[in-house]
Amino acid sequence: MVNVKKIDEVKEEVGKSTIKKENRQMVWFFIVVGVVFAAVLVPYFWVESAKSFEFSGIDWVVEDYENLRIFHGRFLSLTNPDLHYNIYFRADPRVNDVEIIGKLDDFWSHEAISLSPEVDACRGELSRVMLDLGAFLKQGVGAGVVESGSINEEVANSSGRKFLTCDDAVEKTVIIVDIGERRIVQDEVNPSCYTIYAEDCGDSAVVEKFMIQSIINFRETYF
């Protein structure tokens, strides 16, 4: 005679064993899925976090385009509390080691960019970044007027610009851009005059250094 009770007990044990086995399989399934997601997502979020950073009180985002990497900075205008200004650099501001002689914090509402004939002749990155510098002075710093000039009187007259040197930095900021030994120099006699010496026509990083250091020094002095 078949022991029905024994059969039921066996079935119950088999059922419990099957459930335990399925539960273990389910646990391992979720563990494997979790490991796979972690392997994919952790590197992704690590890479994404590396693309944003804070430097010199400015929030930066690294933007990659085809054959081009941009360092996008956003900061509050130095003189307009209602304006957040955006800057787009080609060089990483954290490793830009251009030498600075002096302090870049003496700005007037009337400013001028005066180029040497060598810079006038440029058609590379240095020429492009002149537009960025003008916009930075106008909105990032808050200049009411930004003039265009030349340090060569003959060139100034022939091009309809003003002849501007450090001697003209009286109640006016004059920024001279020239080719020479790579550095930025504040004039000792006229502290509102700065000379940016670029290495060549492809050197935009020296002008970017002027902009970032201006923000740093201005905040140190006035905030």
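### A look at helix H3 (residues 125–141)
Here H3 spans 22 Å end to end across 17 residues, near enough to the 24 Å set by a 1.5 Å rise per residue. Ala135 marks the point of greatest bend in H3, at about 25 degrees. Inspection of H3 places Leu126, Val129, Met130, Leu133, Gly134, Phe136, Leu137, Gly140 and Val141 among the buried residues, and these make up the whole buried set. One or two steps after H3, the chain reaches Gly142, where phi turns positive at roughly 105 degrees.

### A few points about the nonpolar core
With 38 residues, the main nonpolar core has Leu126, Met130, Leu133, Phe136, Val207 and Phe210 as its most contacted residues. Only strand S2 (58–65), strand S3 (68–76), strand S4 (84–89), strand S6 (110–115), H3, strand S9 (173–179), strand S11 (193–198) and helix H5 (205–222) provide two or more residues apiece to this core. Here this core takes eight residues from H5, the largest share from any one element. Aside from chain neighbours lying at most four places away, what touches Val207 is Leu126, Val129, Met130, Leu133 and Ile196. Formed by five residues, the second largest nonpolar core is a distinct cluster that contains Cys166, Ala169, Ile176 and Cys193.

### Some points on the packing of H3 against H5
Their axes nearest at 9 Å, the elements H3 and H5 cross at an angle of 20 degrees. Classified by the angle between their axes, H3 and H5 sit roughly parallel to one another. Remark: the crossing between H3 and H5 carries left-handed chirality. On H5, the residues touching Leu126, Arg128, Val129, Met130, Asp132, Leu133 and Phe136 of H3 are Val207, Glu208, Phe210, Met211, Ser214 and Ile215. Its residues assigned to classes, the contact of H3 with H5 comprises nine nonpolar, one polar and three charged.

The rules behind these values
Residues numbered from 1 in each chain as written. Predicted model: local features only at pLDDT ≥ 70, side-chain atom pairs only at ≥ 80, totals over all residues. Heavy atoms only, no water. Helix = DSSP H or I, 4+ residues; strand = E, 2+ residues; numbered from the N terminus. Expected span 1.5 Å × (residues − 1). Bend = angle between axes of the 7 residues up to and from the residue. Buried < 20%, exposed > 50% of the residue type's maximum accessible area, 1.4 Å probe, protein only. Core = buried A, V, L, I, M, F, W, Y, C linked by side-chain atoms within 4.5 Å. Contact = heavy atoms within 4.5 Å. Axes fitted to C-alpha atoms, helices over the stretch in contact; angles between N-to-C directions. Parallel < 35°, antiparallel > 145°, perpendicular 65-115°, else oblique. Left-handed = near helix turned anticlockwise from the far one by under 90°. Nonpolar A, V, L, I, M, F, W, Y, C, P; charged D, E, K, R; others polar.

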